[in-house]
Amino acid sequence: AQKVTQAQTEISVVEKEDVTLDCVYETRDTTYYLFWYKQPPSGELVFLIRRNSFDEQNEISGRYSWNFQKSTSSFNFTITASQVVDSAVYFCALKGGNEKLTFGTGTRLTIIP
Amino acid sequence: EAGVAQSPRYKIIEKRQSVAFWCNPISGHATLYWYQQILGQGPKLLIQFQNNGVVDDSQLPKDRFSAERLKGVDSTLKIQPAKLEDSAVYLCASSPLPSGSTDTQYFGPGTRLTVL
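Novice: Hey, could you run me through the overall build of chain B in this one?
Specialist: Looking only at helices and strands, chain B has zero helices and 11 strands in total. Starting at the N terminus and walking to the C terminus, you meet the elements of chain B as β-β-β-β-β-β-β-β-β-β-β. Here chain B has a C-alpha radius of gyration of 13 Å; the compact-globule value for 116 residues is 13 Å, and the two agree. Split into buried and exposed, the 116 residues of chain B put 47% on the buried side. When the accessible surface of chain B is split by element, carbon and sulfur atoms take 51% of a total near 5600 Å². Put simply, chain B has 12 plus and 10 minus side-chain charges, and the middle of one group is 6 Å from the middle of the other.

Here it is, written out as structure tokens:
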């Protein structure tokens, strides 16, 4: 079985601050994929990134960056210089082998203007 | 490229009534998924289709839920009869590759169901 834990239920930061969303996962598969999705108030899940278990390079996309560490089974997401439009619920998800895509419970991020 | 389309966006029904949701995946996507997202939780897979065949329906409450994907394109999810605990957002997703591969799933806007 696989599991994703997002311990931070809600986070609030003031606009322009940096914020990191934590994701810890469990899987017995040696090959697996990790994802981050954003769910704005409109409800649609927006794909942000996919990372496979053999690629531990950190990734940066504009103000977004991701830190993948197999040693601690973590795949954390950092938003630099946060903006009000970043307010949403963010989900980390895991898919290994023949398993279903498993989501964490999400972190609700509120950016205060 | 058009995204995943779902309708209706909102639905309110009384318990024991029936309801149906519709999904049109991204053009050319072989795999289609239905998820249930209860408030405060992550989405949970209900059923997965590859073309018009069912790949995984192990978490679908088959006594009241049914789904079909005729002609391997559009899909409908039905609940009959609805219970109070079925109140949730029902999300449809699609991915381009056949099931068994690990491909990115793209989600629609969802249908928010309220059962009174």
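Novice: What exactly am I supposed to notice about the interface of chain B and chain A here?
Specialist: Taken together, the contact pairs 21 residues of chain B with 17 residues of chain A. Roughly 1600 Å² of surface becomes buried between chain B and chain A when both sides are summed, with 54% attributable to carbon and sulfur atoms. For the pair chain B and chain A, the interface holds one salt bridge. With a shortest N-O distance of 3.1 Å, Asp56(B) and Lys100(A) are connected by a salt bridge. Linking chain B with chain A are five residue pairs in polar contact (both at pLDDT 80 or more). Secondary structure elements with two or more residues in the side of chain B that touches chain A: β4 (31-37) and β10 (106-107) of chain B. Looking at side-chain class alone, the side of chain B that touches chain A contains seven nonpolar, 11 polar and three charged residues.

Novice: For this particular structure, what's the right way to read the side chain of Gln6(B)?
Specialist: Residues and elements named next belong to chain B. With respect to the helices and strands, the residue Gln 6 is situated in strand β1 (residues 5-7). Taking the relative accessible area as the measure of exposure, Gln 6 reaches 7% and is therefore buried. A polar atom in the side chain of Gln 6 sits 3.0 Å from the backbone oxygen of Tyr 90. Separated by 3.0 Å, the side chain of Gln 6 and the backbone nitrogen of Cys 92 make a polar contact. If we ignore the near neighbours within four places in the chain, the residues touching Gln 6 are Trp 22, Cys 23, Trp 34, Tyr 90, Leu 91, Cys 92, Gly 108, Pro 109, Gly 110 and Thr 111.

Novice: I'm lost on the confidence of the model for chain A in this one. Help?
Specialist: Chain-level pLDDT for chain A is 94 on average; 100% of the residues reach the 70-or-more range. Ranking the elements of chain A by mean pLDDT puts strand β7 (residues 59-61) of chain A last, at 88, and strand β3 (residues 19-21) of chain A first, at 98.

Novice: Teacher, can you tell me more about the nonpolar core here?
Specialist: Soluble globular proteins tend to pack their nonpolar side chains together in the buried interior. Counting 23 residues, the largest nonpolar core has Trp36(A), Phe77(A) and Tyr90(A) as the members making the most contacts within it. If you list the elements that add at least two residues to this core, you get β2 (10-14), β3, β5 (32-39), β8 (64-69), β9 (74-79), β10 (88-96) and β12 (107-112) of chain A. By residue number, the principal contributor to this core is β10(A), which donates four residues. Core analysis: the next-biggest nonpolar cluster, separate from the first, contains 21 residues, Val4(B), Cys23(B), Phe65(B) and Ala82(B) among them.

Novice: Help me understand the sheet that holds β1(B) in this model?
Specialist: For sheets, the rule is that strands pair by backbone hydrogen bonds, running either parallel or antiparallel. All names here are of chain B. With antiparallel pairing, the four strands of this open sheet are ordered in space as β1-β3-β8-β7. Among the strands making up the open sheet, the edge pair consists of β1 and β7 (65-68). Across the sheet, the mean angle from the axis of one strand to that of its neighbour is 15°, orientation sign disregarded. In the sheet, β1 pairs with strand β3 (residues 19-24) via three bridges, with the strands oriented antiparallel. Looking at β3, one finds that Ser 7 is bridged to Trp 22.

Parameters at a glance
- The written sequence of each chain sets the order in which its residues are numbered from 1.
- Starting at A for chains and at 1 for ligands, labels are handed out in the order in which the entities are written.
- In keeping with the predicted nature of the model, local features appear solely for residues at pLDDT of at least 70, side-chain atom pairs appear and are counted solely at 80 or more, and the whole-chain, interface and lining totals rest on all residues.
- To get the side-chain values, take all heavy atoms of the structure and skip hydrogens and water.
- For helices the rule is a DSSP run of H or I covering at least 4 residues; for strands it is a run of E covering at least 2, with both sets numbered from the N terminus onward.
- The quantity called the radius of gyration is restricted to C-alpha atoms. Its globule counterpart is 2.2 Å times the number of residues to the power 0.38.
- Per-residue accessibility, obtained with a 1.4 Å probe over protein chains only, is compared with the maximum for each type, and a residue is labelled buried under 20%, exposed over 50%, and partly exposed between these values.
- Here the Shrake-Rupley method, with its probe set to 1.4 Å, supplies the accessible areas, and only the displayed protein chains count as covering residues.
- When charges are counted, Lys and Arg are positive and Asp and Glu negative, with His and the chain ends excluded.
- Each charge is placed at NZ for Lys, CZ for Arg, CG for Asp and CD for Glu.
- Two residues qualify as a contact provided that any one of their heavy atoms is within 4.5 Å of a heavy atom in the partner residue.
- What counts as buried area is the accessible surface, traced by a 1.4 Å probe, that two parts surrender upon association, with contributions from both included.
- Salt bridges are defined as contacts in which a side-chain nitrogen from Lys or Arg sits within 4 Å of a carboxyl oxygen from Asp or Glu.
- Under the rule applied, a polar contact is a pair of N or O atoms within 3.5 Å (in protein, one hydrogen donor and one hydrogen acceptor; residues adjacent in sequence only if both atoms are side-chain atoms).
- Three residue categories are used. Nonpolar comprises Ala, Val, Leu, Ile, Met, Phe, Trp, Tyr, Cys and Pro, charged comprises Asp, Glu, Lys and Arg, and polar comprises the others, including Gly.
- What pLDDT reports is the predictor's confidence in each residue, on a scale of 0 through 100.
- Residue types Ala, Val, Leu, Ile, Met, Phe, Trp, Tyr and Cys, when buried and joined through side-chain atoms within 4.5 Å, form a set referred to as a nonpolar core.
- Any two strands with at least two DSSP bridges between them are considered paired.
- Angles here are taken between N-to-C directions and fall from 0 to 180 degrees, while the axes themselves are lines fitted to C-alpha atoms, restricted in helices to the stretch in contact.

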